[in-house]
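Single-letter residue listing:
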Amino acid sequence: MKWAALGMLLCLAAPAGAEPAAHPLRIGVPWSPGSKGMADLQAAARSIAQRTAGRVQVKFAEQPDLDSGPAPCDGALLAGTALARHSPATLIFALPLFFRSSAEVARVRTALDAGIAADLESRGFATIAQVDLGFAYLHSLAPVETAARLQAAKLWVPPADPEAIRMAESCGLSPVPLAAGEVREALRRGAVEAAIVPPLGAILLQWHAEIKSVADTPFACLYAVVAVKQSALAPLDPSDRAAVCAELARAFAAAADELRAKEAEALAVLAQNGVERRPLARAPDRQAEWEAWAGAAADRLAAAGILPAGPLAQARRTLAEFRAAP
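Here is what the cut-offs are and how they apply
- Residues numbered from 1 in each chain as written.
- Predicted model: local features only at pLDDT ≥ 70, side-chain atom pairs only at ≥ 80, totals over all residues.
- Heavy atoms only, no water.
- 1 Å grid on protein atoms, 1.4 Å probe; cavity = no way out; pocket = protein on both sides within 12 Å on 5 of 7 lines; lining within 4 Å.
- Points joined across faces, edges and corners; volume = space filled by probe spheres on them.
- Helix = DSSP H or I, 4+ residues; strand = E, 2+ residues; numbered from the N terminus.
- Nonpolar A, V, L, I, M, F, W, Y, C, P; charged D, E, K, R; others polar.
- Core = buried A, V, L, I, M, F, W, Y, C linked by side-chain atoms within 4.5 Å.
- Buried < 20%, exposed > 50% of the residue type's maximum accessible area, 1.4 Å probe, protein only.
- Contact = heavy atoms within 4.5 Å.
- Expected span 1.5 Å × (residues − 1).
- Disulfide = S-S within 2.5 Å.
- pLDDT = per-residue confidence, 0-100.
- Pairing = 2+ DSSP bridges.
- Right-handed = clockwise from strand over helix to strand, strands pointing away.
- Polar contact = N/O pair within 3.5 Å; in protein donor to acceptor, adjacent residues only side chain to side chain.
- Arc of directions from axis to C-beta.

Participant: How do you make sense of the layout of surface pockets when you look at a structure like this?
Facilitator: Remark: the empty space left among the atoms is shown by a probe the size of a water molecule rolled over them. Here the second largest pocket defines a volume of roughly 410 Å³. Lining the second largest pocket are 21 residues, and of these Leu97, Phe98, Arg100, Glu291 and Arg323 sit closest to its centre. Listing elements by their share of the lining of the second largest pocket, those giving two or more residues are α11 (284-303) and α12 (309-324). Broken down by element, the lining of the second largest pocket gets its largest block of residues, 6 residues, from α11. Taken together, the residues of the lining of the second largest pocket break down into 14 nonpolar, 3 polar and 4 charged.

Given below as structure tokens:
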């Protein structure tokens, strides 16, 4: 109490012409201090400070959502189930084997992005950027050639994420929740047999030392949204708000471009380290089997209310039209 009273007295005693305090914005991101991703974002923060004459100070915290760290954030790069809690339609991008290429992701985004932004707006967020971070691939101790084999495999999922576990179970998979730092040893012991992750992540976490096979087929899209609480942006004047949104959008779009560019490099590094790259289905009948399994999994998620049926149907129509075009 005495500290609050002292703060009030200091405010009252400030000269009438004193500059107002800088407005802080704290954004949660997946990059750690010292990483290139964080360095690029910090450069954007410096640009924001310069464009706003120091009126806005952006800080970045290493946490995957708004509330997972020691202090809540004003915004975050939201992905996966952390994003789906605010817009369930984003789970469409995580559906198994839904997309075959980045071009398909881009086309479906033209149909879904506006609705996702509207979902976030209705929950009090401003959408700063919507980005495609590339694909996750099926990494495993041995080749997984059938959907039945994948369903039987012990599949790693992040711990303390009941929505990810529920989604995996709805797809008929056998999830093993485990901290990322424990997965390499679990792979060595066979306690985990497979993981659906981006190849760069498998390398950085050194899982590739245990993994023997990676399916050379995109398994799920890594879609993310940079969302900031409208209440955090409201105090800013329009020009400062525009500067914040423009600089953050530019920085996160550049980071997404870089991650997608590194995907092929990471797959090549896996091959150089003895990880066999092979198609998920070598024969047409196996391809049809995988497609039937993936389609049924999406239908079950929609029937269970995990995935909104309307956006799913819209995404399927968009894909069908894109694939049918000459």
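Participant: Mind showing me how you'd approach the nonpolar core here?
Facilitator: As a rule of thumb, nonpolar side chains are buried together in soluble globular proteins. Grouped together as the largest cluster of nonpolar side chains are 72 residues, with contacts concentrated most on Phe93, Leu95, Phe99 and Trp293. Here Leu95 is in contact with Met167, Phe219, Ala220, Ala298, Leu301, Leu307 and Leu312, once residues within four sequence places are set aside. Membership of the second largest hydrophobic core comes to 30 residues, among which are Trp31, Ile128, Leu233 and Ala255.

Participant: What should I look at first to understand helix α4 (residues 102-122) in this one?
Facilitator: Helical geometry: 3.6 residues make up each α-helical turn, so side chains three or four residues apart lie on a common side. The first and last C-alpha atoms of α4 sit 29 Å apart over 21 residues, in line with the 30 Å expected at 1.5 Å per residue. When α4 is considered as a whole, its buried residues turn out to be Glu104, Val105, Val108, Arg109, Leu112, Asp113, Ile116 and Leu120. Elements in contact with the buried residues of α4: α3 (80-84), β4 (125-140), β9 (220-229) and α12. Directly beyond the C-terminal end of α4, a positive phi value near 90 degrees is found at Gly124.

Participant: Would you explain the state of the cysteines in this entry?
Facilitator: Disulfides are covalent bonds that link the sulfur atoms of two cysteine residues. On inspection of all chains with the given rule, the structure shows 0 disulfides. For Cys73, which is in no disulfide, the shortest distance to another cysteine sulfur is to Cys245 and amounts to 17 Å. Looking at the unpaired Cys221, the closest cysteine sulfur is the one in Cys171, lying at 16 Å. Exposure remark for Cys221: the relative accessible area of 5% places this residue in the buried category.

Participant: Looking at this model, I keep getting lost on the confidence of the model for the protein chain. Mind explaining?
Facilitator: Detailed reading of the predicted coordinates is not advisable wherever pLDDT falls low. On average, the protein chain scores 89 in pLDDT, and the residues at 70 or more come to 94%. In the model, residues 1-19 has pLDDT below 50 throughout and makes 0 contacts with residues more than four positions away in sequence or in other chains.

Participant: Sorry, what's going on with the pairing of strand β5 (residues 154-157) here?
Facilitator: Remember that side chains alternate between the two faces of the sheet whenever the strand is regular. Of the pairings in the sheet, the one linking β5 to strand β6 (residues 174-177) comprises 4 bridges and is parallel in character. In the sheet register, Leu155 faces β6, and the bridge partner there is Pro175. In this fold, β5 hands off to helix α6 (residues 162-170), which returns the chain to β6; that crossover is right-handed.

Participant: Mind showing me how you'd approach the side chain of His139 here?
Facilitator: Mapped onto the secondary structure, His139 falls in strand β4. Of note is the side chain of His139, whose polar atom sits 2.9 Å from the backbone oxygen of Tyr137. Ignoring anything within four residues of it in the chain, the contact list for His139 reads Glu193, Ala194, Ala195, Val197, Pro198, Pro199, Ala202, Ile211, Ser213, Val214 and Leu270.

Participant: What am I meant to see in unusual backbone geometry here?
Facilitator: Among all residues save glycine, negative phi is the norm, and among peptide bonds the norm is trans. Look at Ala53: it is not a glycine, yet its phi comes out positive at around 55 degrees. Residue position: Ala53 is located in the loop between α2 (36-51) and β2 (56-62). Taking relative accessible area as the criterion, Ala53 reaches 62% and is therefore assigned exposed. The phi dihedral of Leu97 is positive, around 55 degrees, even though this residue is not glycine. You can see Leu97 is positioned in the loop between α3 and α4.

Participant: Where do I start with α12 in this structure?
Facilitator: Look at α12: 22 Å from first C-alpha to last across 16 residues, which is about the 22 Å you get at 1.5 Å a residue. Among all positions of α12, only Leu312, Ala315, Thr318 and Leu319 are buried. All buried residues of α12 lie within an arc of 130 degrees about the axis, which places them on one face of the element. Those residues of α12 that are exposed and aimed more than 90 degrees away from the buried face are Ala309, Glu321 and Ala324. On its buried face, α12 sits against α4 and α11.

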